[in-house]
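Architecture and fold: a report
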Amino acid sequence: MRKPLISPLALHLRQCLRSIPTTPRSLNRSISAYSYPVLGLQPYRCAVYKNPFCVAPFQLFSASGRLFSTQIYGASGSSVGGNQREIGEEEDSLAKLLSAELLQSPEGETLPLPKRLDLSFSHVTISPSLLLATLNVSPDAGRVALDFLKWAKSRPGFDPTDEVYSYWVNYFGRRKDFKAIREVLVDGSGVIGVKCFEAFVDRLVRAGRPGDAVALFDKMKKDYGFKRNMSSLKFIVSSLCERGYASYAEKMVKSLAKEFFPDDYICDALTSGWCVDGKLEEARRLVNEMYRGGYEISTFAYNCLLDCVCRLCRQKDPFRFESETQNLLIEMEKNGVPRNVDTFNVLITNLCKMRKTEDAMKLFSRMGEWSCSPDETTFIVLIKSLYQAARVGEGDEMIDKMKSAGYGDALDKKVYYEFIRILCGIERFYHALRVFEMMKKDGCQPGIKTYDLLMAKLCAHGRFNKANALYKEAESNGIPVEPKEYRVDPKFVKKKTVAVKKEKKRETLPEKMARKRRSLKKIRLSYVKKPKRKMRRA
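These numbers were taken from a predicted model, which means no experiment stands behind them.

To continue, consider the overall build of the protein chain. Regarding its fold elements, the protein chain presents 25 helices and 2 strands. Sorting the 538 residues of the protein chain into buried and exposed places 39% on the buried side. For the protein chain, the share of sequence-separated contacts (at least 6 apart) that also reach a separation of at least 24 residues comes to 62%. For the protein chain, the accessible surface area stands at approximately 33600 Å², while carbon and sulfur atoms represent 53% of it.

Over its 13 residues, helix α11 (residues 230-242) extends 18 Å from the first C-alpha to the last, a length consistent with the 18 Å expected when each residue adds 1.5 Å. Along α11, the residues that are buried comprise S232, L233, I236, V237, S238, S239, L240 and C241. As for α11, its buried residues are in contact with α9 (194-206), α10 (210-224), α12 (246-255) and α13 (264-276). Note on α11: the residue one or two positions beyond its end, G244, has a positive phi of about 85°.

One pass over the structure, following the stated rule, counts 0 disulfides. Unpaired in this structure, C241 has its nearest cysteine sulfur neighbour in C304, at a distance of 9.8 Å.

This part is about the packing of aromatic side chains. Applying the stated criterion across every chain, the model contains 16 aromatic pairs. Geometrically, the ring pair formed by F364 and F379 is edge-to-face, given 5.9 Å between the ring centres and 70° between the ring planes. Here the residue F364 occupies a position in helix α18 (residues 357-365), and F379 occupies one in helix α19 (residues 376-388), the gap between them amounting to 15 residues. One exposure class covers both F364 and F379, and it is buried. An aromatic cluster of three or more residues is present, and its members are F197, F200, Y224, F226 and F235.

For the rest of this paragraph, the subject is the packing of helix α4 (residues 113-120) against helix α6 (residues 144-154). Taken N-terminus to C-terminus, the directions of α4 and α6 make an angle of 50°; their axes are 9 Å apart at the nearest point. When the axes of α4 and α6 are compared, the pair comes out oblique. Where α4 crosses over α6, the two elements pack in a sense that is right-handed. Between α4 and α6, the residues in contact are L113, P114, L117 and D118 and V144, D147, F148 and W151, respectively. Its residues assigned to classes, the contact of α4 with α6 comprises 6 nonpolar, no polar and 2 charged.

Turning to the side chain of S232, a few remarks are in order. Mapped onto the secondary structure, S232 falls in helix α11. Since its relative accessible area comes to 4%, S232 is described here as buried. Sequence-distant contacts of S232, that is, excluding residues within four places in its chain, are made with F197, F217, M220 and K227.

Counting 136 residues, the largest nonpolar core has F148, W168 and F419 as the members making the most contacts within it. The element contributing the most residues to this core is helix α15 (residues 299-316), with 10 residues. Leave out the neighbours within four places in its chain, and F419 touches I380, I383, K384, Y387, I399, L411 and V435.

Counting across every chain of the model gives 30 salt bridges. Between D277 and K279 there is a salt bridge, with the nearest N and O atoms lying 3.5 Å from each other. Between E473 and K440 there is a salt bridge; the shortest N-O distance is 2.7 Å. Of the two residues, E473 is situated in helix α24 (residues 464-476) and K440 in helix α22 (residues 429-441); the sequence distance between them amounts to 33 residues. Salt bridges here are not isolated pairs; linked through shared partners, they connect E250, K254, E282, R285 and E289.

Considering the arrangement of structural elements, one finds C372 in the loop between α18 and α19. Take C372: its relative accessible area is 10%, and that puts it in the buried class. For the pair formed by C372 and F344, sequence separation is 28 residues and the distance between their alpha carbons is 8.6 Å. Not counting residues up to four positions away in its chain, the partners in contact with C372 are R339, N340, V341, F344 and M367.

On to the environment of F226, then. Relative to the assigned elements, F226 resides in the loop between α10 and α11. Its relative accessible area of 3% is what places F226 among the buried residues. Taking the C-alpha atoms as reference points, F226 and C196, 30 residues apart in sequence, are found 9.1 Å from one another. When sequence neighbours within four positions are dropped, the list of residues in contact with F226 reads L185, I192, G193, C196, F197, M220 and K221.

Looking now at the confidence of the model for the protein chain. Per-residue confidence for the protein chain gives a mean pLDDT of 81; residues scoring 70 or more make up 80%. Across residues 1-82 the pLDDT falls below 50, and counting only partners more than four positions away or on other chains, this stretch makes 99 contacts in the model.

Here the focus is the side chain of R203. Assignment of secondary structure puts R203 in helix α9. For the buried R203, no salt bridge is present, and the opposite-charge side chain at shortest range is D202, 4.5 Å distant. Once residues lying within four places of it in the same chain are set aside, the contact partners of R203 are V169, N170, G173, R174 and F178.

How each quantity is defined
- Residues numbered from 1 in each chain as written.
- Predicted model: local features only at pLDDT ≥ 70, side-chain atom pairs only at ≥ 80, totals over all residues.
- Heavy atoms only, no water.
- Helix = DSSP H or I, 4+ residues; strand = E, 2+ residues; numbered from the N terminus.
- Buried < 20%, exposed > 50% of the residue type's maximum accessible area, 1.4 Å probe, protein only.
- Contact = heavy atoms within 4.5 Å.
- Areas by Shrake-Rupley, 256 points an atom, 1.4 Å probe, with all protein chains shown as cover.
- Expected span 1.5 Å × (residues − 1).
- Disulfide = S-S within 2.5 Å.
- Phe/Tyr/Trp six-rings, centres within 6.5 Å; stacked < 30°, edge-to-face > 60°.
- Axes fitted to C-alpha atoms, helices over the stretch in contact; angles between N-to-C directions.
- Parallel < 35°, antiparallel > 145°, perpendicular 65-115°, else oblique.
- Left-handed = near helix turned anticlockwise from the far one by under 90°.
- Nonpolar A, V, L, I, M, F, W, Y, C, P; charged D, E, K, R; others polar.
- Core = buried A, V, L, I, M, F, W, Y, C linked by side-chain atoms within 4.5 Å.
- Salt bridge = Lys/Arg side-chain N within 4 Å of Asp/Glu carboxyl O.
- pLDDT = per-residue confidence, 0-100.
- Lys, Arg positive; Asp, Glu negative; His and termini not counted.

This is how it looks when you write it as structure tokens:
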């Protein structure tokens, strides 16, 4: 009997799969995705793996004609970080496919969302990280996310927790859809806890609804099953004060004083709230009431007052900055409140905002007189100010001091991006490239914004070769930088010299008579015998 013919593609696939020593669960799931999907459904994109025994990537076609391009990655012998990276990439691809289903228009679909998800993703294992990634890439899904939550709850082996419900609270909070949040909280009754409560309060305050946040404390146990205790009161007060709603917070604390007597934490939070709102007189009044009530005024409260004074002086009268801050510091010493590193950070930050870098450096050198050592905030603020003042050498020295002080871990890609942005803003992009190399030397991987900023600046200066080299470097590092059209600065454009023909102008009568007189004078002088020049004696 004649054996059936095997296509070269199937033979190549069989050899690659045999060369894999072990097949993990994630690989089984990705390989099963190559089976023909149900007709009419969107095919599922598999994860990417690499096998050292496989010579070249192969390609498979789905039943719908869609091209899958993949590489088989070795399962055994790979590092833990590589496996985690592969899992993260697989979750990202799954999140994009789930997001595509969520964003589809319901008008053209005959089946509801849970049914469609069961048909297409019945083999997918649900995890909290996958749900969070799907919600993050689906900002326009709207109320369809509620059906997505119902489908996730119906999956076998998955029980939603307080953290999972908080994902939906934050999602609808960003859309300011508080009716949907209440539906989520009622649906998760008995499971929701501290994380959902904190997310709900935070979204109410950030949406500009301090009254609803205050009213939530009275009905939180009855409506949602949250615990009504001192810690929840502290969280609501601190959230209100962080956004400057100190008046609502103070009324709430006074109305509940018989049930929950305020402590030092609440008093400090109220002082901070009035200072954030810029009401220095109200903050002073509250501090005096605390002092008369027997509360100890902490360094945190004085730091809030100091920051409010500095901010008001910068906005209204910068010449009173030194006198007002000095009076408050003397009051601190008089009351026996010691300074800490945050006190110096407030002063140095506001001095740098006023472009008084030299005064900030002098204050930095005097921190040891009060037994205070600078932290990462002090160093970063000073480095930015030095770069802004074009003192790039001192800024580099400050980076070295920061690393020697043990705060090198605080130099992440966000901080380095801010340094590079400041240097590019003052047209020191050559030094920005030096800081960029320092960033990579420290093991910090640059992001899309860093590459985009440097390429735009290089193109503006006409350095296209260097910009192309950066683009290729970003592609080789796996950073999805999109090619754009960058504008070249006219100052650095080489202008072509164009010969301009001079047009003959018609002479006026005075100009013509003057020209004739000059020519006649030259003719007359040509007949005059010129004296011979005598040789000078040495």
